[in-house]
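Each chain is listed here by its residues.
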Amino acid sequence: MNFYLKLAWRNSLRNKRRTALAALAVGLGMAGLIFTDAISYGMLDGLIDTATGTFLGQAQVHRRGFLDTADADLQIAGGPALLRQLERDPLVSAFAPRTLSFAMISSPANSGSAMLYGVDPAAERRVSRLARAVSGGSFLAEEGDYIVLGSLLAETLEAGLGDKIVVTAAAAGGGELAQAMFRVGGILKSGSRAMDSNMAFIKFAKAQDLLNLKGGLHEIAVVFKDPAAAENAALPFWREYGSGGNEAKGWPELIPELAASREMTAFGILITAIILSGIVALGITNTLFMSLYERMFEFGVLRAVGTRPARMGLMIVSEAAALGAISAAVGAALGWLSCRLVGIKGLDYTGVDFAGVSMIEPIRPMFRPEQYWLYPAALFLFTLIVSLYPAVYAARMNPVKAMRKSL
Amino acid sequence: MLIFRMALRNVFRNRRRSLLTGLMMAGGFVLFSATIGISEGTYGSLIDMFTRSRTGHAQVHAAGYLERPSLYKAIKDPDRAGRVLDGLPEVEAWAPRVYTPALAFAGSKTVGAQVMGIDPARERRAMRLEGQLAGGAFVEDVPSDGVVISARLASALSIKTGDEFSLIGQGADGSIANDNFRVAGVLSASGSAFEGPWCLMHIDKAREFMALGSRAHEIALVFTDYRKAREDAALVSAALGDPALDAQPWQVTEKEFYQAMLLDKKGGDITNYVIMLIVAVGVLNTILMAVLERTREYGVLKALGTRPADVFLLIMAEVFILALIASAAGALGALGLNHYLANHGIPLPNPISYGGVKFTVMQSAVTAETFSRPAWTVLLSALAVGIFPALKAARITPVKALSSR
Amino acid sequence: MWKLQLFLAAALYLAPALHAGPGQSSPEVRALLDKVDRLYRSGNSYAELEMEVATPDWRRKLVMEFWTEGLDKTFIRINSPARDAGAATLRKGTEMWNYFPKINKVMKVPPSMMMGSWMGSDFTNDDLVKESTLLDDYYGEFFSPARPDPALRHIRLRPRAETVSLWGAIELAIRKDDLLPVREDYYDEKGRLVRTMEFSDVRALGGRLVPCTMKMLTLSKPGNSTVIRYRAARFDGELPADTFTLRNLQRRVK
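Residues numbered from 1 in each chain as written. Chains lettered and ligands numbered in written order. Predicted model: local features only at pLDDT ≥ 70, side-chain atom pairs only at ≥ 80, totals over all residues.

Next up on the list: the overall build of chain C. Looking only at helices and strands, chain C features five helices and 13 strands. In chain C, which comprises 254 residues, the share counted as buried stands at 39%. Within chain C, counting contacts between residues at least 6 apart in sequence, those at least 24 apart form 48% of the total. (Helix = DSSP H or I, 4+ residues; strand = E, 2+ residues; numbered from the N terminus. Buried ≥ 20, exposed ≤ 12 C-beta atoms within 10 Å, placed from the backbone. Contact = placed C-beta atoms within 7 Å.)

Another aspect to go through is the overall build of chain B. A count of helices and strands for chain B gives 13 helices and 12 strands. In terms of overall size, chain B is more extended than a compact globule, its C-alpha atoms giving a radius of gyration of 31 Å where 405 residues would be expected to give roughly 22 Å. If you line up chain B on its principal axes, its C-alpha atoms span 100 × 45 × 30 Å. Evaluated residue by residue, chain B yields a buried proportion of 52% over its 405 residues. (Rg over C-alpha atoms; globule rule 2.2 N^0.38 Å.)

Turning to the nonpolar core, a few remarks are in order. Taken as a class, soluble globular proteins show a tendency for nonpolar side chains to be buried jointly. Counting residues in hydrophobic clusters, the biggest one holds 179 residues, and the most contacted among them are Ile 147, Leu 149 and Ala 200 of chain A together with Val 283 of chain B. No other element matches helix α2 (residues 16-56) of chain A, which puts 20 residues into this core. Filtering out sequence-adjacent residues up to four positions away, Ile 147 of chain A remains in contact with Ile 165, Val 167, Phe 182, Val 184, Gly 185, Ala 200, Phe 201 and Ile 202 of chain A. Core analysis: the next-biggest nonpolar cluster, separate from the first, contains 104 residues, Ala 177, Val 186 and Ile 203 of chain B together with Leu 62 of chain C among them. (Core = buried A, V, L, I, M, F, W, Y, C linked by C-beta atoms within 7 Å.)

Attention shifts here to the environment of Pro 101 of chain C. Within the element layout of this structure, Pro 101 of chain C appears in the loop between β5 (95-100) and β6 (105-108). Sequence-wise, Pro 101 of chain C and Leu 209 of chain C are 108 residues apart; in three dimensions their C-alpha atoms are separated by 36 Å.

Often the size quoted for an interface is simply the accessible area lost on bringing the parts together. On the side of chain B, 36 residues touch chain A, which itself brings 38 residues to the contact. Those elements that provide at least two residues to the side of chain A that touches chain B are α2, α11 (256-294) and β11 (353-354) of chain A. For the side of chain A that touches chain B, the element with the highest residue contribution is α11 of chain A, accounting for 18 residues. In terms of residue class, the side of chain A that touches chain B is built from 23 nonpolar, nine polar and six charged. (Nonpolar A, V, L, I, M, F, W, Y, C, P; charged D, E, K, R; others polar.)

All names here are of chain B. Between its terminal C-alpha atoms helix α7 (residues 229-240) stretches 16 Å, which fits the 16 Å expected from 12 residues at 1.5 Å a residue. Ala 229, Asp 232, Ala 233, Val 236 and Leu 240 are the residues of α7 that are buried. Seen along its axis, α7 keeps its buried residues to an arc of 105 degrees; they face one direction. Its buried side turned inward, α7 meets β1 (58-62), α3 (78-86), β2 (91-106), β9 (218-223), β10 (245-249) and α8 (250-253). Looking at the residues trailing α7, positive phi occurs at Gly 241, about 55 degrees. (Expected span 1.5 Å × (residues − 1). Arc of directions from axis to C-beta.)

It is worth spelling out helix α11 (residues 308-344) of chain B at this point. Spanning 37 residues, α11 of chain B covers 53 Å between terminal C-alpha atoms, matching the ideal 54 Å at 1.5 Å per step. Downstream of α11 of chain B by a residue or two, Gly 345 of chain B has a phi angle that is positive, lying close to 75 degrees.

Here the focus is the packing of α2 of chain A against helix α14 (residues 369-395) of chain A. Residue and element names in this part refer to chain A. Where α2 meets α14, the closest approach of the two axes is 10 Å, and the angle between their N-to-C directions is 145 degrees. As for the relative orientation of α2 and α14, their crossing is right-handed in sense. Residues Met 30, Leu 33, Ile 34, Asp 37 and Ala 38 of α2 form the contact with α14, whose own contacting residues are Gln 371, Tyr 375, Pro 376 and Leu 379. Its residues assigned to classes, the contact of α2 with α14 shows seven nonpolar, one polar and one charged. (Axes fitted to C-alpha atoms, helices over the stretch in contact; angles between N-to-C directions. Left-handed = near helix turned anticlockwise from the far one by under 90°.)

Let us look at unusual backbone geometry. Note that the residue after Ser 80 of chain C, namely Pro 81 of chain C, is joined by a cis bond; omega there is 5 degrees. Note on placement: Pro 81 of chain C falls in the loop between β3 (73-80) and β4 (88-92). Positioned with a positive phi, Ser 158 of chain B is a non-glycine residue whose angle comes to about 55 degrees. The residue Ser 158 of chain B is located in the loop between α5 (151-157) and β6 (164-170) in this model.

Time to look at the confidence of the model for chain C. Fine structural detail should not be taken from predicted coordinates in areas where pLDDT scores are low. Residue and element names in this part refer to chain C. In the predicted model, chain C carries a mean pLDDT of 76, and 75% of its residues have values of at least 70. When the criterion is pLDDT under 50, residues 1-23 qualifies, and its contacts beyond four places in sequence or with other chains add up to 66 contacts. The ipTM, which scores confidence in the relative placement of chains, is 0.73 for this predicted complex, and the corresponding pTM is 0.77. (pLDDT = per-residue confidence, 0-100.)

With that settled, consider the packing of helix α1 (residues 2-14) of chain A against helix α13 (residues 309-345) of chain A. Residue and element names in this part refer to chain A. Interhelical geometry of α1 versus α13 gives an angle of 60 degrees and a closest axis separation of 8 Å. One way to sum up the angle between α1 and α13 is to call them oblique. Judged by the sense of rotation from one axis to the other, the crossing of α1 with α13 is right-handed. Side by side, α1 and α13 meet where Tyr 4, Leu 5, Leu 7, Ala 8, Trp 9, Asn 11 and Ser 12 of the first sit next to Leu 314, Met 315, Ser 318, Glu 319, Ala 321, Ala 322 and Leu 323 of the second. (Parallel < 35°, antiparallel > 145°, perpendicular 65-115°, else oblique.)

All names here are of chain C. Bridge count between strand β1 (residues 44-54) and strand β13 (residues 225-235): 10 bridges; the pairing is antiparallel. Residue Glu 48 lies in a different strand from β13, and its bridge partner there is Ala 232. Bridge count between strand β12 (residues 208-218) and β13: five bridges; the pairing is antiparallel. Residue pairing in the sheet places Met 214 in a bridge with Ile 228 of β13. (Pairing = 2+ DSSP bridges.)

All names here are of chain B. Within the fold, Ser 175 resides in the loop between β6 and β7 (176-187). Residue classification places Ser 175 among the buried residues on the basis of 20 C-beta atoms within 10 Å. Through-space distance from the C-alpha of Ser 175 to that of Gly 345 is 54 Å; in sequence the pair is 170 residues apart.

The next thing to look at is the environment of Ser 18 of chain B. Residue and element names in this part refer to chain B. As for its placement among the helices and strands, Ser 18 is situated in helix α2 (residues 15-55). Overall, Ser 18 belongs to the partly exposed group, with 19 C-beta atoms counted inside 10 Å. Spatially, the C-alpha atoms of Ser 18 and Ala 328 are 14 Å apart, while their sequence positions differ by 310 residues. The contact partners of Ser 18, leaving out residues within four places of it in the chain, are Val 11, Phe 12 and Leu 322.

Here it is, written out as structure tokens:
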């Protein structure tokens, strides 16, 4: 075995230029796959992060049936206890309690209906980035009864910072209408039409008061320490918080379009891998055959001298293995380099909307371990497989014919 | 001319090498073409299925309706618009619709609903609405009290096929619209583009309900070629010639879907560039090797007195001819492959749901781009790559060349 | 939302008694508002009225009958136009029901729909059930406008600190001789006139002298107006025992 490896290595080095070029071409193929993989998952990651990080959270807990009707009475069963449990939960990085109800927002000039959220600004800061989208004013940072309105809603109401707003909502326990007065503390410009025309925010405690919730809440947004947890349907988390009349849903359930994107991405990479391997196969075969034909005479001599067909084949395969190893190394290096370079500035996708949220941050290639062990291993194996054809060809060679041939 | 004949002969003289090199280029061509084809085909079928599940390739509205929908912003004479549309060859089918929000109640449950009046016969020609039915029957071709509701509405009101419920809304004349209806059918929960609390009924019944007269809120259009949606929508606008009407392509009416696709496509574009690069490098590899290994031969040529420029041209001509033949072969192969994939597609391991439509295969498409881009890539990279060794060979000193391996 | 409240307060009196805050309104103002207030106070009432609503898209005239008892019972039946005749609304406490003869069903108005419009009009269901606390929650003072009309007195009302109100100020113009309101102007906090209500057609109604026509204009929505005209009214009379029942909703009368 050792003999053949040494032979293979030396043979590869004999025509450095050819080996180098081949390794470059094949390595580039793998680097391309690494890069594509990194960008695709980076993009997906960016999408998921934008969709969940703007306001939704990676998972949400509600009372079963709440999302259909937004009935104030459908509070999370055992809400305060769940909050305490979340505090202690090792999987959870942060969570934010919220109230949610239909409300009529009125100004002197007009009135409009909206989804009224009661939020805790301190908790929200660790779960959502909505506070950053507030242009003008603050996200309920000041003392007092303030309300933050979506920019399009504020436009309809002809309301600006500091103006008086009256909120009317159906309270829990009887459906009586509750009213309260607020002053506009901030205007929200999220870039999403749906959010800016339908949302209004007040402080959590004030909302509980207004809606007569007696300490209850309607929604908990959760962020995990490991983002992948949200996609793990097998976690006990979902059962823990989704029992007793509640339901706990991760973003794949809350935004099915994103889950679809994820599957498409994985499939797309598979197709790309197949295509790239086609090109790589051609490159390797080409190189091996070129090298073979060039040394026809040599091979003829080897055979004439008594080398068995199997060993001839083995020689080719070892050469291919050497080529494969070098290519894998080159490819990994190139792949890593390209990811690093593009990762400096990232790809700019600002302004594109997806699932109701705007992309604000550039896409960066994402590192995944598979890129550096799975793909090189696959390349190496593939190289070996592809080399079988020229190997068989070499094994079956007729020594006399071979020695007569020349390029 | 001599050079060209020599180049041609050289190519065929060394069949094995030419074959290997050519195969590499042709192979790269086919694979690249397949990538483009699959990408186009998948997006194409995605768009087609999505737009034909509810929204249409384009929509006609009264000006301003899209930004702020309102019961009162209606197309005053949809029949006239329909006649204009009938006369346009680009329009394959059109269907008028009316919309209004209403309150639905059954028993003790009251829920907000969205009423949509449709013309079932026209919808059958334009859209694939009926396929989204999960149970019961579709809206009848004549006005009746039978309606089709979405799964969400059915579950919110706890009603099923055969049950009765009432709708209350605002009439366009200020009156209170109210009437009783019967559930004729229920739409699928996951396989339908109607995710909200929809209630579909015959358009004339809906018009009567909301006192809309003969007006309509929307005319959904289906073109013969969805890829020309933008141009055709502009065409329709011009043909209608009414400043109070707007015709907008799906890229505008379904802005979010379009942008999600653009995002996806951008990612795909990157993959395309990567593949293009790799094909180019593959070509580079083979051509370079092919040329460099004939250094001796070129040395002989120069020793015999061939001018450097001619050597250069000779090599370039060989490269070009080879690339051309390879491209031709590749094109044939690509045509075959894409055609097959366009009709049969690559089955997806798990059906993917997108916008309420289920996808089970990834299809390819045969378009001009599936030929032009790979052709350009292969030809240009071959030529570009050939320059370096061609120059080198042209400048070589015969002594050096002849003494090399 | 506040428009109908004032309508009802003025015409049918659903508001509790007025008491100005200590030291906030002068005794004279208090007396004046008290008189106005008591003008419309009654244990129960019955009225026939027309409501004409105009919007840029349609005009409509509803003719209806209106019964009230105490502060928390209201029954309304629409008699005209024909398309809506027979529709009725019952409110008891915080609950509300609608009846539509065409579908022959009684619908309980869910809390979320309380903010929706009542019978297609400019008023919300909520307007109908809310007790007007306008006079309760404001304090007033006399003022003289730029060109004072010798026949009128002017009061400016401002909301108290704890009052939930959108208005910066409401200005009332009241006739000196019979203390009947002539107009009400609603200003936002920035001093812009947003809404105006005009009272006219002073006649005897149910034995009292009251303005029988009220016209409401919202300046931010030109083309929208609502006019209420009282045809007849009876105060503190005998009402049929089953007036405020669900059964009454479905009764087809006339």
